[in-house]
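For reference, the chains in residue letters:
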Amino acid sequence: AEAIQTVIRAEIVAGNSSITDPYDVVKKLTRGKKVTPEVLAEFVDSLDISDEAKNRLRTLTPATYVGVASELVDYLN
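1. A look at the confidence of the model for the protein chain
- Scored by pLDDT, the protein chain comes out at a mean of 90, with 94% of its residues at no less than 70.
- Per-element mean pLDDT across the protein chain ranges from 75 in helix α5 (residues 69–76) up to 95 in helix α2 (residues 22–30).

2. What to know about the layout of surface pockets
- What the largest pocket holds in volume is close to 330 Å³.
- In terms of lining, the largest pocket is formed by 14 residues, of which the most central are A1, I4, L40, L60 and P62.
- Breaking the lining of the largest pocket down by element, the ones donating at least two residues are α1 (2–13), α2 and α3 (37–46).
- A total of three residues in the lining of the largest pocket trace back to one element, the largest contributor, which is α1.
- Taken together, the residues of the lining of the largest pocket sort by class into 11 nonpolar, two polar and one charged.

3. Here we look at the pattern of salt bridges
- This model, assessed by the stated rule, comprises four salt bridges.
- Residue K27 is joined to D24 by a salt bridge in which the shortest nitrogen-to-oxygen separation is 3.6 Å. Note that K27 and D24 are positioned in helix α2 at a spacing of three residues, about one turn of the helix.
- Ionic pairing is found between D24 and K28, a salt bridge with its closest N-O pair at 3.2 Å. Of this pair, D24 and K28 both sit in helix α2, separated by four residues, roughly a single helical turn.
- A relative accessible area of 22% places D24 in the partly exposed class.
- Each of the salt bridges in this network shares a partner with another, and the network as a whole consists of D24, K27 and K28.

4. Looking at the packing of α2 against α3
- Axis separation between α2 and α3 bottoms out at 11 Å; the angle between their running directions is 150 degrees. Relative to α3, the element α2 lies roughly antiparallel. When you trace α2 past α3, the crossing you get is right-handed. Here V25, V26 and L29 of α2 come into contact with α3, specifically with V39, L40 and F43.
- Considered class by class, the residues forming the contact of α2 with α3 number six nonpolar, no polar and no charged.

5. Observations regarding the environment of V39
- In this fold, V39 is placed in helix α3.
- Sequence separation between V39 and L29 is 10 residues; the distance between their C-alpha atoms is 8.7 Å.

The rules behind the values
Residues numbered from 1 in each chain as written. Predicted model: local features only at pLDDT ≥ 70, side-chain atom pairs only at ≥ 80, totals over all residues. Heavy atoms only, no water. pLDDT = per-residue confidence, 0-100. Helix = DSSP H or I, 4+ residues; strand = E, 2+ residues; numbered from the N terminus. 1 Å grid on protein atoms, 1.4 Å probe; cavity = no way out; pocket = protein on both sides within 12 Å on 5 of 7 lines; lining within 4 Å. Points joined across faces, edges and corners; volume = space filled by probe spheres on them. Nonpolar A, V, L, I, M, F, W, Y, C, P; charged D, E, K, R; others polar. Salt bridge = Lys/Arg side-chain N within 4 Å of Asp/Glu carboxyl O. Buried < 20%, exposed > 50% of the residue type's maximum accessible area, 1.4 Å probe, protein only. Axes fitted to C-alpha atoms, helices over the stretch in contact; angles between N-to-C directions. Parallel < 35°, antiparallel > 145°, perpendicular 65-115°, else oblique. Left-handed = near helix turned anticlockwise from the far one by under 90°. Contact = heavy atoms within 4.5 Å.

Given below as structure tokens:
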């Protein structure tokens, strides 16, 4: 969910989205629901973001998304 919010925020800053609250959009997807790959793909396709951003989100997996972990490690060293 963090990755999706981050991509949406970047799209808003770039002027590629009219979404006003990325947190709320993702919360509606995840809160109290099982999110299957099919549900996630449908959700991503429905987002008001660029096709490039949708493609990035489609390729992300929990194993490939590290968020800011590497930056935090460097910061803490």
